[in-house]
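Here are the chains, one letter per residue:
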Protein chains: 4
Amino acid sequence: MIYFKNDYSEGAHPDILQALLETNLVQDEGYGDDQFCKEAADNIKRAMSYPDADIHFLSGGTQSNLLAISAFLRPHQAVISADTGHILVHEAGAIEATGHKVLSVPTTDGKLRPDDIRKVVLYHSDEHMVKPKMVYISQSTEVGSVYYKSDLQDLYAICQKFGLYLFMDGARLGSALCVKDQDLMLSDLPKFTDAFYIGGTKNGALLGEALVIVKDELKEDFRFHMKQKGALLAKGRLLGLQFRELFQNDLFFDLAKHANEMADLLRQGFQNAGYPFLSESPSNQIFPILPNSTIKKLQENYAFIVWGPVDDNHSAIRLVTSWATKEENIEKLLRNIRSPF
Amino acid sequence: MIYFKNDYSEGAHPDILQALLETNLVQDEGYGDDQFCKEAADNIKRAMSYPDADIHFLSGGTQSNLLAISAFLRPHQAVISADTGHILVHEAGAIEATGHKVLSVPTTDGKLRPDDIRKVVLYHSDEHMVKPKMVYISQSTEVGSVYYKSDLQDLYAICQKFGLYLFMDGARLGSALCVKDQDLMLSDLPKFTDAFYIGGTKNGALLGEALVIVKDELKEDFRFHMKQKGALLAKGRLLGLQFRELFQNDLFFDLAKHANEMADLLRQGFQNAGYPFLSESPSNQIFPILPNSTIKKLQENYAFIVWGPVDDNHSAIRLVTSWATKEENIEKLLRNIRSPF
Amino acid sequence: MIYFKNDYSEGAHPDILQALLETNLVQDEGYGDDQFCKEAADNIKRAMSYPDADIHFLSGGTQSNLLAISAFLRPHQAVISADTGHILVHEAGAIEATGHKVLSVPTTDGKLRPDDIRKVVLYHSDEHMVKPKMVYISQSTEVGSVYYKSDLQDLYAICQKFGLYLFMDGARLGSALCVKDQDLMLSDLPKFTDAFYIGGTKNGALLGEALVIVKDELKEDFRFHMKQKGALLAKGRLLGLQFRELFQNDLFFDLAKHANEMADLLRQGFQNAGYPFLSESPSNQIFPILPNSTIKKLQENYAFIVWGPVDDNHSAIRLVTSWATKEENIEKLLRNIRSPF
Amino acid sequence: MIYFKNDYSEGAHPDILQALLETNLVQDEGYGDDQFCKEAADNIKRAMSYPDADIHFLSGGTQSNLLAISAFLRPHQAVISADTGHILVHEAGAIEATGHKVLSVPTTDGKLRPDDIRKVVLYHSDEHMVKPKMVYISQSTEVGSVYYKSDLQDLYAICQKFGLYLFMDGARLGSALCVKDQDLMLSDLPKFTDAFYIGGTKNGALLGEALVIVKDELKEDFRFHMKQKGALLAKGRLLGLQFRELFQNDLFFDLAKHANEMADLLRQGFQNAGYPFLSESPSNQIFPILPNSTIKKLQENYAFIVWGPVDDNHSAIRLVTSWATKEENIEKLLRNIRSPF
């Protein structure tokens, strides 16, 4: 079975394992007060040319989302999300469990736009409704689309106007920043968001997300929130060390580029074979539409998600590539869709 | 600087790192549905001779405690804890953040006894107060004491009588089960608790606790709670693999025995040198009382926690050993306390 | 200014005030353990020919909704609501503040139907999403429509099939049960719901809703939840006494009938004058569509809510009648819409 | 049966009922936006000579406590309370249900002192523990003692020093302000607290507490919190009207003085008859110690709470007086304790 099911089907990039081996017996402080976390934070600050952020290392995406949202908002405040947003549907009510409503906005491509924000804010007019205070976006989105520089600038401007925090879920940030024609850079994120996180789990780490808090008023006491939600690992060094490696040279970007290149090959292959796509996705998730019979055949040798039916005889599938995807497996899959099995 | 500060100052036991290396590129399912988690659960079930439990792998102790308590209790129910209990003081209000009160019981040695439980239950008589429904104990306790077999049997009997769940925090379970004269075995835990967890972080893993749910009514839908609290790791295999190794042969117990032997050496050394102890602790944490001047001297070369003042000139310190503690470092420390520096 | 803004613009029905005067100096127990609450519960049980329910008296609708939902559900479970549902939009996130997600279903007339439920349940397939466990309906709905007997039977059947609780918000239950052609009776509610409440605030009481818990597994410890949410009034007798009066003879129904008759007059008057309606509403809220210029004129003498624009020149307004609405005020309003001011 | 069980055994003071009758058919806005709430707030501001406060009318003490605490604190912050504090024991975990820990301080007389606060603050030193941010006191306390002016000034000074909010539960504020030798006045409360509430339920109202928010940073968006916790009554006028009456002339203080005078008679009577007291209580709750046999006898004709055993043959009882207590009933009780029955 060959996996295109997600970008977390394997362990970690070998450089990361190597660093674990080399530092294993170094004695250091617990709970993220170690040298590795400090070095990792320094590396990230340098990579984004922004020294003035607070950086915290967390274990996963849902944990990062629920922590940021519950730490940043007061009880009556709500967060706005695209209807495809991870926090809206796929976190088992994690945000609501911290007491906050997620306000859903219908989108065609998974991306929020300024006018969406405006409508939600104007609709919530009095104390009988929650008060929108944060905008949540995913980069790349859950359907593979990405925000470009002007997209983010425009969103940030409307957030500023209405006094909303802009928070970016970067579980797949690497891929989003490395798609072709992307003019948004890591160094832009501190300028156009209030907080965001850099996903490690889906880009070569065993686990780990680096939460970057830019806005000063959101920084205070954040470690209390981490502890309270069970997110302060005794051996926090495990997270720090991995991000130190990812941002040592350009490993983080190199891994994302590989994932995108593999996705490009897949996309091109499906296009050449005449298959349409459910959505335009330039990042490491693609959504080709196939006959159900072909899907059934493919499932014998490949692991992937059937996204949903398109008509009685066709469905969209989701294929995901990663730092670990092998070109030979792409070729094998493309051969299988071109010629009958 | 030599660390006796805690049992999580290093990385992981080499066998665990080796297993990570060997399995790194194996492709498998996410979120704990992988082969490694299954093998780990099987190994643990075999080690405790109890196949009928549900086992979930979590990232840390606070996460395990807050998850178990919030998943098992209804909103008006409370958990009883010794006044030294980790959940009461050192989890930044993690339990209360899930909506539940922690009822504190004063103890002399960190251990709860049946009469403590009886008093709390009888005091809470009507709907103006919370309803006690769970007893939380730590094995070993936060002050190094341990529950022996009859201790646990007696506690479980009173819990059964009053309809309370008995939940054991086993962050340091390895050490507790391996102290001299311990007659309580891993296979006893499913008989005398409703749920407990086996600590990996403090006994050789990079991170990880194995939550064992024994009582049937507590098993349902537990993975929903994990997801909701941000505890379902995408690469859950990282946790499974480590517990597979710890319970492959007797690694878990071997590591705990080493930690205890190192603590025995320390304890014996301090006793021989004429130092008293704050408490009787047979496990891998000891609490000798030293002149403040000696403590100050020691701090130049050793990292440890000053537990608190005993009189104007003396304080207790906490020394913790682990799977990684080297005998030569013990000897060095003992030399320093025997002879003036 | 004449109020058609809501059904809580005045105080209480005179019979209720009279009973308060007569019983004022009677000494009795606090927190709802008094004779008046007992008599009220007996009267309600008799009125619905169902002695086996638990009845609790609460202060308002949002309090009743948040209490029932948070007491009945476990943390990962969610409640399904029509997109017009009070709990979804107009309770400032009260349900989410207790930790539960509200799943929104689009409707054309404010009423949920079995197929809506089926779709939501089938969509929520695994532990990455919340688990639907309750269906919330309002009787009458927020847009004035009502459930008839077969509507409720069908909903209850699908809830039974999927193991969902059916909970009815009866803030305006009186009006809903008294509309023309209504075949659903109070005595049907214990048969076709698991819990519901009878609204007093909007039908003649100073304040108060009577929560009726039918399903045995939902009854346990409910008073603990009431206390915990601040809903156990020291002088609970105030609530009991009012419901004793409302269900002494047929006061509750008589008041609702008056409200409906006044709404009928209004509806008929607007129809005769040639105005269309936003929705078909047989209960005590009606939604006629008027030219904006007419609305502006009316606002000089009448208080009501402008529901929203229908086109550039017309808007729907909401007119609400109550036990206290005077026929002469209806006539005055109808004269004003028939002839230019 | 004659009630000395509490100060909420009857309905409301006749003036309040009269005002309800007179205003019953006045039409006005819902949710506290009515003229009566405005007049009530004006009356209270005048009575405390402090126009710059926000005043909200709530239904009961537990509701007021949980609302203030959850609205004022961030998730990781905790509230300090005396071990007798109502929020600690007798609110069924209401505060914890909003996510906040209550830190208990042992006291001899129910009163917190500056040194208690200092110790708690200094103990909570890092992010592994909650962060104390509020001090909760009851005036009068749950054991009948009261804070005098210098007590409150000292507490407020230490709160200022450590950046803590000082919040006063005034469920029995009337009695506390009217005890003999009391030098603290209503007009002092805005000077020496950040927020407090004035209890109506236990001083002549059917229900109602007036929450006074003094500190500016605590005022914002409070009505959102009220709505979210189910505390915004549709007929909020019911609360406003009652406080308008209580603070129209000096009704609030007159009623409290009567309660205190009745308690004075009781206290004097028990003293004269040679009975000791559990605690020194100058307010409307007294705690005489009686032989168990006498208590048993009294229970045949009087309703009161047996507070707890003092030795094998004696127990303390709690007797509470109110605005409605009749002098003839005091005399009857005192006759019964002086002479054998």
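Please read these numbers as outputs of a predicted model, since none were measured by experiment. (Residues numbered from 1 in each chain as written. Chains lettered and ligands numbered in written order. Predicted model: local features only at pLDDT ≥ 70, side-chain atom pairs only at ≥ 80, totals over all residues. Heavy atoms only, no water.)

(A) Structural context of the relation of the copies chain B and chain A. Laying chain B over chain A is done by rotating through 180° and shifting 0.0 Å along the axis; what remains is an RMSD of 0.0 Å. Such a combination of rotation and displacement between the chain copies is what one expects of a two-fold axis. Most of the interface of chain B is mirrored in chain A, where 100% of its interface residues are also at the interface. (Least-squares fit on C-alpha atoms with pLDDT ≥ 70 in both. Contact = heavy atoms within 4.5 Å.)

(B) Quick peek at the packing of aromatic side chains. Enumeration over the complete set of coordinates arrives at 51 aromatic pairs over all chains. Here F252(B) and F253(B) contribute two aromatic rings whose centre-to-centre distance is 5.3 Å and whose plane-to-plane angle is 90°, an arrangement assigned as edge-to-face. By relative accessible area, which is 0% here, F252(B) ends up buried. Residue F253(B) is classed as buried on the basis of its relative accessible area of 18%. Here the aromatic rings of Y136(C) and F167(C) are separated by 6.3 Å at their centres, their planes lie at 45°, and the arrangement is tilted. Residue Y136(C) is found in strand β5 (residues 131-138), and its partner F167(C) is found in strand β6 (residues 165-169); the two are separated by 31 residues along the sequence. The pair Y136(C) / F167(C) is uniform in exposure class, with both members buried. The structure contains a cluster of three or more aromatic residues connected by ring pairs, namely F57(B), F243(B), F247(B), F252(B) and F253(B). Note that K111(C) overlies the ring of Y147(C), its terminal NZ or CZ placed 5.7 Å from the centroid. (Phe/Tyr/Trp six-rings, centres within 6.5 Å; stacked < 30°, edge-to-face > 60°. Buried < 20%, exposed > 50% of the residue type's maximum accessible area, 1.4 Å probe, protein only. Helix = DSSP H or I, 4+ residues; strand = E, 2+ residues; numbered from the N terminus. Lys NZ or Arg CZ within 6 Å of the ring centre and 35° of its normal.)

(C) Structural context of the sheet that holds strand β8 (residues 209-213) of chain B. Residue and element names in this part refer to chain B. Here we have seven strands laid out as an open sheet, ordered β2-β8-β7-β6-β5-β3-β4, and mixed in their pairing. Each having just a single partner strand, β2 (54-58) and β4 (102-105) make up the two edges of the open sheet. Recorded for the sheet is a direction-independent mean angle of 25° between the axes of neighbouring strands. As defined by bridge partners, strand β3 (residues 77-82) adjoins β4 across four bridges and the pair is classed as parallel. Bridged to I80 within β4 is L103. Lying over the sheet, helix α3 (residues 61-72) contacts β2, β3, β5 (131-138), β6 (165-169), β7 (195-199) and β8, oriented at roughly 170° with respect to β6. (Pairing = 2+ DSSP bridges. Axes fitted to C-alpha atoms, helices over the stretch in contact; angles between N-to-C directions.)

(D) Fine view of the interface of chain B and chain D. Between chain B and chain D, the contact holds 16 residues from the first and 16 residues from the second. When the two sides are added together, the surface that chain B and chain D hide from each other amounts to roughly 1,300 Å², 54% of it contributed by carbon and sulfur. Counting every contact that joins chain B to chain D gives two salt bridges. For K101(B), the salt bridge goes to E96(D), with nearest N and O atoms at 2.5 Å. (Buried area = accessible area lost by both parts, 1.4 Å probe. Salt bridge = Lys/Arg side-chain N within 4 Å of Asp/Glu carboxyl O.)

(E) Representation of the environment of A41(B). Residue and element names in this part refer to chain B. Mapped onto the elements of the fold, A41 is located in helix α2 (residues 35-47). Taking the C-alpha atoms as reference points, A41 and H56, separated by 15 residues in sequence, lie 8.1 Å from one another. With near-sequence residues (within four places) excluded, A41 lies in contact with I55 and F57.

(F) Summary view of the packing of helix α2 (residues 35-47) of chain A against helix α11 (residues 237-246) of chain A. Residues and elements named next belong to chain A. Taken N-terminus to C-terminus, the directions of α2 and α11 make an angle of 35°; their axes are 7 Å apart at the nearest point. Here the hand of the crossing between α2 and α11 comes out left-handed. The residues of α11 that touch α2, namely those facing F36, C37, E39, A40, N43 and I44, are R237, G240, L241, F243 and R244. Partitioned by chemical class, the residues of the contact of α2 with α11 number six nonpolar, two polar and three charged. (Left-handed = near helix turned anticlockwise from the far one by under 90°. Nonpolar A, V, L, I, M, F, W, Y, C, P; charged D, E, K, R; others polar.)

(G) Fine view of the relation of the copies chain B and chain D. With an axial shift of 0.0 Å and an RMSD of 0.0 Å, the rotation relating chain B to chain D amounts to 180°. The fraction of interface residues of chain B whose copies in chain D are also interface residues reaches 100%, indicating that both copies meet through the same surface.

(H) The side chain of D194(C), seen in detail. Residue and element names in this part refer to chain C. Looking at where D194 falls in the secondary structure, it is placed in the loop between α9 (189-192) and β7 (195-199). Here D194 falls in the buried class, since its relative accessible area comes to 3%. Among the polar contacts listed, one links the side chain of D194 to the side chain of Y156, at a separation of 3.5 Å. What D194 contacts, discounting residues up to four positions off in sequence, is Y156, L164, Y165, L166, I213, V214, K215 and L218. (Polar contact = N/O pair within 3.5 Å; in protein donor to acceptor, adjacent residues only side chain to side chain.)

(I) Main features of the pattern of salt bridges. Taken as a whole and judged by the stated rule, the model has 72 salt bridges over all chains. A salt bridge links E245(B) to R244(B); its shortest N-O distance comes to 3.1 Å. In this structure, E245(B) and R244(B) share a single accessibility class: buried. Across the pair E39(D) and R244(D) runs a salt bridge whose closest N-O atoms are separated by 2.9 Å.

(J) The interface of chain B and chain A, seen in detail. If you look at the interface, chain B gives 47 residues, while chain A gives 47 residues. Roughly 4,100 Å² is buried in total at the junction of chain B and chain A, and carbon and sulfur atoms are behind 54% of that figure. For the chain B face of the interface with chain A, the top three residues by lost area are Y8(B), Q27(B) and K235(B), together amounting to 17%. The interface formed by chain B and chain A contains two salt bridges. For the salt bridge of K5(B) with E29(A), the shortest nitrogen-to-oxygen distance reads 2.4 Å. Every element with two or more residues in the side of chain B that touches chain A is listed here: β1 (2-3), α1 (14-23), α3, α5 (94-97), α10 (222-228) and α11 (237-246) of chain B.

(K) Fine view of the packing of helix α12 (residues 251-272) of chain A against helix α14 (residues 327-338) of chain A. Residues and elements named next belong to chain A. Between α12 and α14, whose axes approach to 10 Å, the crossing angle comes to 10°. When the interaxial angle is binned, α12 and α14 end up roughly parallel. Relative to α14, α12 is oriented so that their crossing is right-handed. Together, M262, L265, L266, G269 and F270 of α12 and E327, I330, L333, L334 and I337 of α14 make up the contact between the two elements. The residue makeup of the contact of α12 with α14, split by class, is eight nonpolar, one polar and one charged. (Parallel < 35°, antiparallel > 145°, perpendicular 65-115°, else oblique.)

(L) Region of interest: the confidence of the model for chain A. In the predicted model, chain A carries a mean pLDDT of 97, and 99% of its residues have values of at least 70. ipTM for the predicted complex: 0.97, alongside a pTM of 0.97. (pLDDT = per-residue confidence, 0-100.)

(M) Layout of the pairing of strand β8 (residues 209-213) of chain C. All names here are of chain C. Burial analysis of β8 places five of its five residues in the buried class, the great majority of the element. Residues E209, L211 and I213 of β8 are buried on one face, and the alternating residues A210 and V212, pointing to the opposite face, are buried as well. For strand β2 (residues 54-58) and β8, the ladder comprises five bridges, and the chain directions are antiparallel. The residue of β8 that forms the bridge with F57 is A210.

(N) Layout of a nonpolar patch on the surface. All names here are of chain A. Side chains of L278, W307 and V310 sit close together on the surface and give an oily, nonpolar patch of about 260 Å² of accessible area. Tracing the sequence through the fold places W307 in strand β12 (residues 305-309). Using a relative accessible area of 36% as the deciding quantity, one classes W307 as partly exposed. (Patch = residues over 30% accessible without salt bridge, like charges linked within 9 Å, V, L, I, M, F, W, Y side chains within 5 Å. Areas by Shrake-Rupley, 256 points an atom, 1.4 Å probe, with all protein chains shown as cover.)

(O) Up close: a negative patch on the surface. All names here are of chain A. On the surface, a cluster of negative charge is made up of E261, E327, E328 and E331. Residue contributions to the negative patch peak at three residues, all from α14. In this structure, E327 sits in helix α14. (Lys, Arg positive; Asp, Glu negative; His and termini not counted. Charge placed at Lys NZ, Arg CZ, Asp CG, Glu CD.)

(P) Spatial organisation of helix α12 (residues 251-272) of chain D. Given a rise of 1.5 Å per residue, 22 residues ought to cover 32 Å, and the 31 Å separating the end C-alpha atoms of α12(D) matches this to within 8%. Looking one or two residues beyond α12(D), the residue adopting positive phi is G274(D), at roughly 90°. (Expected span 1.5 Å × (residues − 1).)

(Q) Main features of the sheet that holds β7(C). All names here are of chain C. On the basis of which strands lie adjacent, the open sheet formed by seven strands has the order β2-β8-β7-β6-β5-β3-β4 and mixed pairing. Here the strands that pair on one side only, and so sit at the sheet edges, are β2 and β4 (102-105). Neighbour-to-neighbour, the strand axes of the sheet open up by a mean angle of 25°, direction not taken into account. In this sheet, β5 lies alongside strand β3 (residues 77-82) in parallel orientation, the contact comprising five bridges. By the bridge assignment, S81 is partnered in β5 with Y136.

(R) Molecular detail of the side chain of S140(D). Examined against the element boundaries, S140(D) turns out to sit in the loop between β5 (131-138) and α7 (149-162). Ignoring anything within four residues of it in the chain, the contact list for S140(D) reads S145(D), V146(D), R172(D), A176(D), S283(D) and Q285(D).

(S) Inspection of unusual backbone geometry at higher detail. Looking along the chain, the bond that leaves Q139(A) and enters S140(A) is cis, with omega of -10°. A positive phi is found at D181(C), a non-glycine position, where the angle reads about 70°. Within the element layout of this structure, D181(C) appears in the loop between α8 (173-177) and α9.

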